[in-house]
Amino acid sequence: MSRGLIALAVLMVVGAVKLPLERNLAALHRQEHFHGVEFNLDLREKLGQLGFVAALSGFRAIVADALFIQAHAAWENTEWGRMLLLFRHITTLQPRVLLFWDTAAWHMAWNASVAAMNDQTQQRLALRVKAQREYFALGKDFLERGIKNNPDRPDLYDALARLYKEKYKDHERASEFYGKAAVLPGAPTFDRRFSAYELSYCDGREREAYERLRRLYDEGPQERLPTLIKRLKYLENKLGIPQEQRIPDNENKVVK
C-alpha cells in the first residue's frame, strides 16, 4: 500500500473518532451555556504564549485569576481602557464565573462612568456625558453577555436591573429584570417586591403595579414593609381605589 493511501486511511480513522467527540463537546458547551469562549489570535496576542498555552491546556481558571489581579491594579491606577480589555479576556476564559461579569460591569458603569463625568481635563460637559453613557453601555454589555452564559442564575439579572434603575432611570426595564430574576432558583425574596416597586413608577402601568403590590400585601405581615405600604397607598390615591378596598390607614404608622 502506498504512503498516500496509508495517510488517507489514518486521516479517515482519526476523523471518524474525532467527529463524535467534537459533537459531544459542542453539546456539553451548549448545555453549560458557554457562548463566550473563543481561543482566537487576538486572545493569543493579549495573553502571551505561555498564558495561551495554559488556557488551552485546561488552566483557564489560573490564567483568569492572574488577569483579574492585573485588572484590579488597572482599576487602582484608573487605567480604564486596559481594565476593559483585561475583563473581556477574563470573561472569555471563565464565562460561568458570575463575579467576573458583575465586577467588570460595576467598574465600567459605576467607577469609570463617574470618573468620566468628573474629568476636569475635558471642559465640554456634552463630551463628559457622552463618555459617561458609553461606560454605562459597556457595563450593560458585560451583564447581557454574562446572562447569556448564565441564564439559570439570578445574580446578573439583579445587577442589570440595578443598572437600569440607577444609571438609566428606566423603571420599566428595571422591573422587567427584577421579575426575570425572581422566577429563577435561588433568587432573593426581595426581587418580587423590587419588580413591583419599579413598575409603580411607570406611567400607564399603575393598575398592574397596584395589583401586584396588593397581592404581596395580602400574603401577610412579612411583606408589609415601609416601601411597599408607601407605594401601595400612593397608587390607591392615584387610581381612586374605593375606601372600603384600601389597606387600613393605621399602616401609615410604619411608613417613614
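In case you missed it, the structure is sitting above this.
In this report, we go over the structure that sits alongside the text.

Calculation criteria
Residues numbered from 1 in each chain as written. Predicted model: local features only at pLDDT ≥ 70, side-chain atom pairs only at ≥ 80, totals over all residues. Heavy atoms only, no water. Helix = DSSP H or I, 4+ residues; strand = E, 2+ residues; numbered from the N terminus. Buried < 20%, exposed > 50% of the residue type's maximum accessible area, 1.4 Å probe, protein only. Contact = heavy atoms within 4.5 Å. Expected span 1.5 Å × (residues − 1). Bend = angle between axes of the 7 residues up to and from the residue. Polar contact = N/O pair within 3.5 Å; in protein donor to acceptor, adjacent residues only side chain to side chain. Phe/Tyr/Trp six-rings, centres within 6.5 Å; stacked < 30°, edge-to-face > 60°. Lys NZ or Arg CZ within 6 Å of the ring centre and 35° of its normal. Axes fitted to C-alpha atoms, helices over the stretch in contact; angles between N-to-C directions. Parallel < 35°, antiparallel > 145°, perpendicular 65-115°, else oblique. Nonpolar A, V, L, I, M, F, W, Y, C, P; charged D, E, K, R; others polar. Left-handed = near helix turned anticlockwise from the far one by under 90°.

Considering the overall build of the protein chain
Moving on, step 1. Helices and strands together make up the secondary structure of the protein chain, namely eleven helices and zero strands.
Moving on, step 2. Across the protein chain, helices and strands are ordered from the amino to the carboxyl terminus as α-α-α-α-α-α-α-α-α-α-α.
Moving on, step 3. With 256 residues in all, the protein chain has 35% of them scored as buried.
Moving on, step 4. Taking contacts inside the protein chain between residues at least 6 apart in sequence as the whole, the part at least 24 apart equals 55%.

Describing the environment of Ala181
Moving on, step 1. With respect to the helices and strands, the residue Ala181 is situated in helix H8 (residues 171-182).
Moving on, step 2. C-alpha of Ala181 to C-alpha of Pro154: the two residues are 27 residues apart in sequence and 4.5 Å apart in space.
Moving on, step 3. Ala181 has contacts with Pro154, Tyr157, Asp158, Ala187 and Asp191, leaving out every residue within four places of it along the chain.

A word on helix H5 (residues 98-117)
Moving on, step 1. An ideal rise of 1.5 Å per residue puts 28 Å on 20 residues; H5 measures up with 28 Å between its terminal C-alpha atoms.
Moving on, step 2. The largest bend in H5 comes to about 30°, at His107.
Moving on, step 3. Within the span of H5, buried status applies to Leu98, Phe100, Trp101, Thr103, Ala104, Ala105, His107, Met108, Ala109, Ala112, Ser113 and Ala116.
Moving on, step 4. Where H5 is buried, its residues touch helix H3 (60-76), helix H4 (80-93), helix H6 (125-149) and helix H7 (155-166).

Side note on the side chain of Ser200
Moving on, step 1. Tracing the backbone through its elements, the reader meets Ser200 in the loop between helix H9 (190-199) and helix H10 (206-218).
Moving on, step 2. Side-chain polar atoms of Ser200 contact the side chain of Arg231, separated by 2.9 Å.

Let's talk about the packing of aromatic side chains
Here a ring pair, both rings aromatic, is described through the centre-centre distance and the interplanar angle of the planes.
Moving on, step 1. Under the counting rule described, the total for this entry stands at ten aromatic pairs.
Moving on, step 2. Between the NZ or CZ atom of Lys165 and the centre of the ring of Phe194, over which it lies, the distance is 5.9 Å.
Moving on, step 3. Here Arg224 stacks its cationic end above the ring of Tyr217, 4.1 Å away from the centre of that ring.

Observations concerning the packing of H5 against H7
Moving on, step 1. Close contact between H5 and H7 brings their axes to 10 Å; oriented N to C, the two are set at 10°. In terms of orientation, H5 lies roughly parallel with respect to H7. Contacts between H5 and H7 involve Leu98, Trp101, Asp102, Ala109 and Trp110 from the former and Asp155, Leu156, Ala159, Arg162, Leu163 and Glu166 from the latter.
Moving on, step 2. Its residues assigned to classes, the contact of H5 with H7 comprises seven nonpolar, no polar and four charged.

A word on helix H11 (residues 226-239)
Moving on, step 1. Here H11 spans 20 Å end to end across 14 residues, near enough to the 20 Å set by a 1.5 Å rise per residue.
Moving on, step 2. For H11, the full list of buried residues reads Leu228, Ile229, Arg231, Leu232, Lys233, Leu235 and Glu236.
Moving on, step 3. At its buried positions, H11 is contacted by H9 and H10.

Side note on the packing of H4 against H5
Moving on, step 1. Packing of H4 against H5 leaves a shortest axis separation of 10 Å and a crossing angle of 165°. It follows from the interaxial angle that H4 and H5 lie roughly antiparallel. Considering only the axes of H4 and H5, their crossing is left-handed. Counted together, Trp80, Met83, Leu84, Phe87, Ile90 and Thr91 of H4 and Phe100, Trp101, Thr103, Ala104, His107, Met108, Asn111, Ala112 and Ala115 of H5 form the full contact between these two elements.

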